[in-house]
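# Coordinate inspection notes
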Amino acid sequence: MLSEELFDLAEYICKIKAETQTVEVKAAHGGCPKHLYDTLSSFSNQDGGGTILFGIDEEQDFQTVGVYDLQDLQKKVTEQCNQMEPPVRAVFTFAEQNGHPICSAEIPGLDLAERPCYYKGTGRMKGSYIRVGDADLPMTDYELYSFESFRKHLHDDERPVPRAQLSLLDQPKLQEYLLQMQADRPGFSKLTEEQAMEMLAITRDHIPTLAAVLNFGIYPQGYFPQLAITAIVVPGQEIGVRDEGNVRFTDNKRIEGTLPDMLREAMNFCKRNMKIRTRIDAETGERADQVEYPLEAVREAVLNALIHRDYSHYTEGTPIQIDFFSNRLEIHSPGSLYERMTVEQLGHARPDLRNPALATMAEFLLGTENRYSGIPTMRREMAAAGLPEPVFENRRNEFVVTFYNQRIPQKEDSLPAAKPEPADTLLEYCKIPRSRKEIAEFLGIGTVYYAMKHYVQPLLDQKKLEMTQPGKPRSRNQKYRSI
């Protein structure tokens, strides 16, 4: 970052008096902090990395205290960076605030193939951290495994189930599937039945796979009791709220069976517990009934949970959850989004498949498209029903889809400076060259650093903005204009 951006960032942190998901504050006026390993690890293990800001003391109410020696601080921080595996390559910037020297160390996020980054002194299992809010927390066994499974292309839906037997699969349904695959894929007709089942991930070394058990098993929960769905209806907006009759759940069901069975029963549960709204057409006088949530959107959310949830040993004890509240419906899927995918990319980018065998079987057994249309369908159906866009949350160790049954006020609505399309309006504004400060003021953002990072830099990367002095990017006289 530029010195001006560091100054703005420091001003912002001192103003809000808090650390963030991407900013860690360290007082360094008495010497270099000795244990930066947790933060170096957590920033390296998240997309976008993070910034360690030296010279502000959290214990003194986020007052600027400066650093003891800029040169020595940089040297000692670099020494700690070299104790990480893989080594961290920090980028340092210096500035002055309130007469005190301050320093930032930008920690780049590692590529997924190189994660996790950990402190060599404690090893991979104990030295790997993840950033949660403003805290650095040790990675769980599941989080460490998720990196390994992605790097090694492990697919847990294809793992064999030692206790399973082919005789305990639904043979008519299995044979129908094999015949359909032979018809759709002529090459399969040249294989023996044993070879075809191996190629289709129905068996591994003649042992039924997890995907086969979940799709063709007579009773899959006999092997995996918690690979099921728990569905509840809460009388209020939070679990634990009771109604006038002291009832905690007005409906409560455990849904078991194969994936097609669970999808069918889950939709029956949802239909049973949805309110019906009646609308009368003002012109024709005809009555039209509308369910509380679009059924197609709900089906896609449940289907995504069944097919794309994490099926590793670490999550096989956690069921999918369907939670009805008075104002919303939540579908909880065990396991975070599969590695490279982010919430912002959902519905726009083609994801890596966590469970390719299940996805292929679902095309035949559940009539799915397997064309990444689930998220766009949810958004489209909610919009058509006049309801808010679904909310997607990639929480720690679970992915949650939330449907709201009525429009809710958004925080952004209360900000008069917020604009519906800030990138477009900024490009229009910058037809005349503008300074960093002018851009921040135009966007209604209090810090130049935030405006540059989140609005200007993306437009520079997209070649939609250009610098008036490209040879002097750090110049105080630098301005930006639309291309």
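Our subject in this report is the structure included herewith. It should be emphasised that the depicted structure is a prediction, and the values quoted were computed from it without experimental measurement.

### Here we look at the overall build of the protein
- Helix and strand counts for the protein come out as 15 helices and 22 strands.
- For the protein, the spread of C-alpha atoms along the principal axes amounts to about 80 × 65 × 55 Å.
- Residues classed as buried in the protein amount to 47% of the 483 residues present.
- For the protein, the accessible surface area stands at approximately 24,400 Å², while carbon and sulfur atoms represent 49% of it.
- In the protein, which carries 57 positive and 71 negative side-chain charges, the distance between the mean positions of the two groups comes to 2 Å.

### With respect to the pairing of strand 13 (residues 229–233)
- Counting buried positions along strand 13 gives four out of five residues, so the element sits mostly inside the fold.
- Across five bridges, the pairing between strand 13 and strand 17 (residues 320–324) is parallel. Opposite A231, over in strand 17, you have I322 as the bridge partner.

### So, helix 9 (residues 259–273)
- Taking 1.5 Å per residue, 15 residues should reach 21 Å; helix 9 reaches 21 Å between its end C-alpha atoms and fits that length.
- Buried within helix 9 we find L259, P260, M262, L263, A266, M267, F269, C270 and N273.
- Looking at the buried positions of helix 9, the neighbouring elements they touch are helix 8 (210–216), strand 13, strand 14 (251–255), helix 10 (295–308), strand 17 and helix 11 (356–365).

### A look at the packing of aromatic side chains
- Applying the stated criterion across every chain yields a total of nine aromatic pairs.
- Ring plane angle 45° and centroid distance 5.2 Å describe the contact between Y145 and Y314, whose orientation is recorded as tilted. Here Y314 lies in the loop between helix 10 and strand 17 and Y145 lies in helix 5 (residues 141–151), a separation of 169 residues in the sequence.
- Take Y314: its relative accessible area is 45%, and that puts it in the partly exposed class.
- Residues Y177 and F216 carry aromatic rings whose centres are separated by 5.5 Å and whose planes lie at 45° to one another, so their mutual orientation is tilted. Remark: F216 occurs in helix 8 and Y177 occurs in helix 6 (residues 171–184); sequence separation between them is 39 residues.
- For F216, a relative accessible area of 1% corresponds to the buried category.
- An aromatic cluster of at least three residues, connected via ring pairs, comprises Y177, F216 and F364.
- One residue, R328, lies across the ring of F325, its end atom 3.9 Å from the ring centre.

### Considerations on the packing of helix 14 (residues 436–443) against helix 15 (residues 448–461)
- Between helix 14 and helix 15, whose axes approach to 9 Å, the crossing angle comes to 80°. By the angle class used here, helix 14 and helix 15 are roughly perpendicular. Residues R436, K437, I439, A440 and L443 of helix 14 form the contact with helix 15, whose participating residues are V448, A451, M452, Y455 and V456.
- Looking at the contact of helix 14 with helix 15 residue by residue, the classes come out as eight nonpolar, no polar and two charged.

### A look at a nonpolar patch on the surface
- A cluster of nonpolar side chains, contributed by L168, I218 and Y219, occupies part of the molecular surface with about 310 Å² of accessible area.
- One can find L168 in the loop between helix 5 and helix 6.
- L168 gets classed as partly exposed once you look at its relative accessible area, which sits at 39%.

### Quick word on the side chain of S104
- Relative to the helices and strands, S104 resides in strand 7 (residues 100–107).
- When near neighbours in sequence (up to four residues on either side) are disregarded, S104 contacts M1, L6, T51, I52, L53, V91, F92 and T93.

### Overview of the sheet that holds strand 18 (residues 328–334)
- An order of 14-13-17-18-20-19 is seen for the six strands of this open sheet, with the pairing classed as mixed. Single-partner strands in this sheet number two, and they are strand 14 and strand 19 (391–395). Pairwise comparison of adjacent strand axes, ignoring direction, gives a mean angle of 10° for this sheet.
- In the sheet, strand 18 pairs with strand 20 (residues 398–404) via seven bridges, with the strands oriented antiparallel. Across the sheet, residue P334 finds its bridge partner in strand 20, namely E398.
- The strands that helix 9 touches are strand 13, strand 14 and strand 17; relative to strand 14, the one it contacts most, it runs at about 170°.
- Each of strand 13, strand 17, strand 18 and strand 20 is contacted by helix 10, which is oriented at about 20° to strand 18, the strand it contacts most.

### Description of the environment of A385
- Relative to the elements of secondary structure, A385 occurs in the loop between helix 12 (374–384) and strand 19.
- Once the C-alpha coordinates of A385 and E292 are considered, the two residues, 93 residues apart in sequence, prove to be 9.1 Å apart.

### Brief notes about the state of the cysteines
- According to the stated counting rule, one finds zero disulfides in the structure shown.
- With no disulfide of its own, C81 has C117 as its nearest cysteine by sulfur position, at a separation of 8.8 Å.
- Relative accessible area serves as the criterion here: at 0%, C117 is assigned to the buried category.

### A word on the packing of helix 10 against helix 12
- Interaxial distance between helix 10 and helix 12 falls to 8 Å at its minimum, and their mutual angle equals 155°. In this view, helix 10 runs roughly antiparallel relative to helix 12, as classed from their interaxial angle. As helix 10 runs across helix 12, the sense of the crossing is left-handed. Seen from helix 10, the contacting residues are E296, A297, E300, A301 and N304; seen from helix 12, they are G374, I375, T377, M378, E381 and M382.
- When its residues are assigned to classes, the contact of helix 10 with helix 12 shows five nonpolar, three polar and three charged.

### Thoughts on the sheet that holds strand 7
- A sheet is described by the order of its strands in space; here four strands give the open sequence 1-2-7-6, paired in mixed fashion. Every other strand in the sheet has two partners, leaving strand 1 (23–26) and strand 6 (91–97) as the edge strands with one partner each. Taken over all neighbouring pairs, the strand axes of this sheet differ in orientation by 20° on average, direction set aside.
- Contacts from helix 2 (residues 37–44) reach strand 1, strand 2 (50–54) and strand 7, with the element oriented near 150° to strand 2.
- Its contacts with the sheet put helix 3 (residues 70–81) on strand 2, strand 6 and strand 7, and the angle it makes with strand 6 is roughly 150°.

The rules behind the values
Residues numbered from 1 in each chain as written. Predicted model: local features only at pLDDT ≥ 70, side-chain atom pairs only at ≥ 80, totals over all residues. Heavy atoms only, no water. Helix = DSSP H or I, 4+ residues; strand = E, 2+ residues; numbered from the N terminus. Buried < 20%, exposed > 50% of the residue type's maximum accessible area, 1.4 Å probe, protein only. Areas by Shrake-Rupley, 256 points an atom, 1.4 Å probe, with all protein chains shown as cover. Lys, Arg positive; Asp, Glu negative; His and termini not counted. Charge placed at Lys NZ, Arg CZ, Asp CG, Glu CD. Pairing = 2+ DSSP bridges. Expected span 1.5 Å × (residues − 1). Contact = heavy atoms within 4.5 Å. Phe/Tyr/Trp six-rings, centres within 6.5 Å; stacked < 30°, edge-to-face > 60°. Lys NZ or Arg CZ within 6 Å of the ring centre and 35° of its normal. Axes fitted to C-alpha atoms, helices over the stretch in contact; angles between N-to-C directions. Parallel < 35°, antiparallel > 145°, perpendicular 65-115°, else oblique. Nonpolar A, V, L, I, M, F, W, Y, C, P; charged D, E, K, R; others polar. Patch = residues over 30% accessible without salt bridge, like charges linked within 9 Å, V, L, I, M, F, W, Y side chains within 5 Å. Salt bridge = Lys/Arg side-chain N within 4 Å of Asp/Glu carboxyl O. Disulfide = S-S within 2.5 Å. Left-handed = near helix turned anticlockwise from the far one by under 90°.

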